[in-house]
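Breakdown of the fold
Chain by chain, the residues:
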Amino acid sequence: MRSPVDASQNARPPIVPPKPPARADRVGLLTYARLFRRDILSAQPARLYRAWMAAFRTPFFRSYLINQPELIQTVLKDRPDDFPKSGRVGEGLRPLLGASVFLTNGDEWKRQRRIIDPAFEGGRLKQIFPAMLAASEAAVARMGQAAGQSEVEIEEITSFAAADVIFRTLFSIPIEDQVAARVFHEFRLYQRTQPILNLAAFVPLPRWMPRLFRRDTRRTAASIRRLITGLTDDRMAAIKTGTAPDDLATKIMTTPDPETGQTFTPAEMVDQVAIFFLAGHETSASALAWALYLMAMDSETQARIRAEADAIWGEDTPTFSDISKAKFTRDVFREALRLYPPVPMMVRENSCPERFRDRDIDPGSQIVLSPWHLHRHNRLWERPDEFDPDRWKTPNGKACQRDAFIPFSAGSRVCTGAGFAMIEGVLLLARLVQAYQFELVPDRPAMPVAHLTVRGKDGIWLKVRARDGAPGPES
Ligand code: HEM
């Protein structure tokens, strides 16, 4: 196997990708709420990139953003049951997700994870790899239609590709399927009407204040759930007649809880499918779009990814085990997740009195974990704002990977799809960069903002050229 060019030998100018400006250190509550509504990232002060803990006081509750690795470990890994998911977080998502695993807590959540987790184990991921591969080849072909255009909005393409991966692996249907296409379209509408996930955990609304969901939000949620109900009903019928394909939906619908022997009811399955679509495609699309933007900033890294893919699978299509051999591409994808964690913040609520950094934390406080700030913390990471995929091989990179890198959260409530997403991300990134050259569009720099996931403020625009000898615009 030819080894990829090792650029770490050559000194090169630092690559510093876009980061939103921080706000002034002290602002009033109303200004904060207004900034927050515009964008959660630029609403935060710069000190959060160096603080171990920061307190935010509102008239109704207190929030504590924690960056200290030991505190994060306490909340996520050591005593997760004492820090349930904050009810405020899911407010905007409840009409769509019902009682899905993303929103529940306690015994209900544990039961759901016991049924879902086996579907995402390593062996199962190997079984669904052909479906992922088919989606990646379809994405490469679709990118061919964009290649040659002067400017391409890349998030649109990555959203489509990530949704295709989910439909194919979950229900064995491509995104072109009529129902899949409608679900995808309705999800995009939902996001527009209900864009900010965590708003209620920061802004000072009392808990008793009724949540006003916009009519559009309810209507779109109901329409998505109707479509998903059709998919799960059909699948249940196929399971009964023994004709169901061996995909993630069949696995989840036929796995009994090892403790009670019960499978999900059809209604519960609709809630779970809704979160798989949402968590599974929004996040991966965001990570891939930013990874491609970083590629456009760094042609040398593109060349190294290409060299690695050419050396491992060349002109063949990659196999499942090839993906684990693509170590440099994985480091690049990891670096994209560090700089642009698709889920920028997570919120928990402490159920008992706590003492953090010599401060008493009253029960019911909001505990904010911010991958966004932790991943760029300047007392933990060397050159935190630089794009450097070789950092993961350094002692600092290794230590930070263990203590200060949580793009998928950590502990028992870690993202169900983390293993899935790392295979999908590396596969799509490698195949797209193997086939195309990505370049920046002059005068159209991307600026990250937090919507449901971290997105480009005005999209992410790139120039895409077919790599010499690779399929061109006509393919
Ligand atoms: C790059 C891609 C992804 C990223 C960065 C990501 C990140 C996350 C994070 C940070 C959480 C925890 C949220 C919290 O605790 O507040 C989460 C939860 C979750 N993710 Fe992912 N995710 C990704 C892909 C996926 C995929 C592909 C799936 C499924 C196919 C998935 C399914 C879920 C589910 C079901 C949960 C809820 C788990 C629970 O609360 O027990 N995710 N994800």
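In what follows, the accompanying structure is described.

Attention shifts here to the pattern of salt bridges. Enumeration according to the criterion identifies 33 salt bridges in this entry. For Arg467, the salt bridge goes to Asp310, with nearest N and O atoms at 2.7 Å. Within this pair, whereas Arg467 is found in the segment after β11 (461-466), its partner Asp310 is found in helix α12 (residues 299-312), the two being separated by 157 residues in sequence. For Arg467, a relative accessible area of 26% corresponds to the partly exposed category. Judged by relative accessible area, which is 24%, Asp310 ranks as partly exposed. Residues Arg391 and Glu335 are paired through a salt bridge, measuring 3.0 Å at the closest nitrogen-oxygen approach.

Before going further, it helps to spend a moment on the environment of Gln73. Of note, Gln73 is situated in helix α2 (residues 69-78). The exposure class of Gln73 is partly exposed, given its relative accessible area of 35%. Taking the C-alpha atoms as reference points, Gln73 and Ala410, 337 residues apart in sequence, are found 8.4 Å from one another.

In this section: helix α4 (residues 106-116). Looking at α4, one finds that the buried residues are Trp109, Arg111, Gln112, Arg113, Ile115 and Ile116. On its buried face, α4 sits against α10 (248-254) and α11 (266-297).

With that settled, the discussion passes to the sheet that holds strand β8 (residues 436-440). With respect to topology, 3 strands assemble into an open sheet ordered β3-β11-β8, the strand pairing being antiparallel. Where the open sheet ends on each side, the last strands, each with one partner, are β3 (152-153) and β8. For β8 and β11, the ladder comprises 5 bridges, and the chain directions are antiparallel. Counted as the bridge partner of Phe438 is Val464 from β11.

With that settled, the discussion passes to the site of the ligand. The immediate surroundings of the ligand are formed by 26 residues, with Trp109, Arg113, Arg348, Arg413 and Cys415 found nearest. Take Arg113: an N or O atom from its side chain is 2.7 Å from an oxygen atom of the ligand. Here Arg348 contributes a side-chain N or O atom positioned 2.8 Å from an oxygen atom of the ligand. For the shell around the ligand, the secondary-structure elements that each account for two or more residues are α4, α11, β4 (346-349) and α17 (418-435). If one sorts the elements of the shell around the ligand by residue count, α11 sits on top with 5 residues. Partitioned by chemical class, the residues of the shell around the ligand number 16 nonpolar, 6 polar and 4 charged.

Further remarks concern the coordination of the iron atom of the ligand. If you check the protein contacts of the iron atom of the ligand, you find one donor only, Cys415 (SG), at 2.3 Å. Its location among the elements puts Cys415 in the loop between α16 (395-403) and α17.

What the 4 strands build is an open sheet, ordered β1-β2-β7-β4; its pairing is mixed. Unpaired on one side and paired on the other, β1 (53-57) and β4 mark the two borders of the sheet. Averaged over all adjacent pairs, the angle separating strand axes in this sheet is 25°, with direction ignored. Bridging between strand β2 (residues 62-66) and strand β7 (residues 366-369) involves 4 bridges; their strand directions are parallel. For Leu65, the partnering residue across the bridge sits in β7 and is Val368. Across the sheet, α2 is in contact with β1, β2, β4 and β7; its angle to β7 comes to roughly 110°.

What follows is about empty space enclosed by the protein. Unoccupied space between atoms shows up once a probe the size of one water molecule is rolled over them. One pass over the structure, following the stated rule, counts 4 cavities of 30 Å³ or more. In this model, the largest cavity occupies a volume close to 840 Å³. Along its surface, the largest cavity is lined by 46 residues, and Phe102, Ala279, Thr283, Val343 and Cys415 are the ones closest to its centre. Elements with a contribution of two residues or more to the lining of the largest cavity: α4, α6 (154-171), α11, α14 (327-339), β4 and α17. If you tally residues by element for the lining of the largest cavity, the top one is α11, at 9 residues. Classifying every residue of the lining of the largest cavity gives 31 nonpolar, 9 polar and 6 charged.

With that out of the way, let us pick up the side chain of Thr329. Note that Thr329 resides in helix α14. Polar contacts involving the side chain of Thr329 include one to the side chain of Glu308, which spans 2.7 Å. Beyond its immediate chain neighbours, meaning those up to four positions away, Thr329 contacts Ile305, Glu308, Val426, Leu429 and Ala430.

Let us now look at helix α5 (residues 122-146). Taking 1.5 Å as the rise per residue, α5 with 25 residues should run 36 Å; its terminal C-alpha atoms sit 34 Å apart, in good agreement. Bending of α5 peaks at approximately 45° at the position of Ile128, with proline Pro130 no more than four residues after it. Following α5 by one or two positions, Gly148 adopts a phi angle in the positive range, close to 95°.

Reading the values: rules and limits
Residues numbered from 1 in each chain as written. Predicted model: local features only at pLDDT ≥ 70, side-chain atom pairs only at ≥ 80, totals over all residues. Heavy atoms only, no water. Salt bridge = Lys/Arg side-chain N within 4 Å of Asp/Glu carboxyl O. Helix = DSSP H or I, 4+ residues; strand = E, 2+ residues; numbered from the N terminus. Buried < 20%, exposed > 50% of the residue type's maximum accessible area, 1.4 Å probe, protein only. Contact = heavy atoms within 4.5 Å. Pairing = 2+ DSSP bridges. Near = heavy atom within 4 Å. Polar contact = N/O pair within 3.5 Å; in protein donor to acceptor, adjacent residues only side chain to side chain. Nonpolar A, V, L, I, M, F, W, Y, C, P; charged D, E, K, R; others polar. Donors = N, O, S within 2.8 Å, 3.2 Å for Na, K, Ca; no water. Axes fitted to C-alpha atoms, helices over the stretch in contact; angles between N-to-C directions. 1 Å grid on protein atoms, 1.4 Å probe; cavity = no way out; pocket = protein on both sides within 12 Å on 5 of 7 lines; lining within 4 Å. Points joined across faces, edges and corners; volume = space filled by probe spheres on them. Expected span 1.5 Å × (residues − 1). Bend = angle between axes of the 7 residues up to and from the residue.

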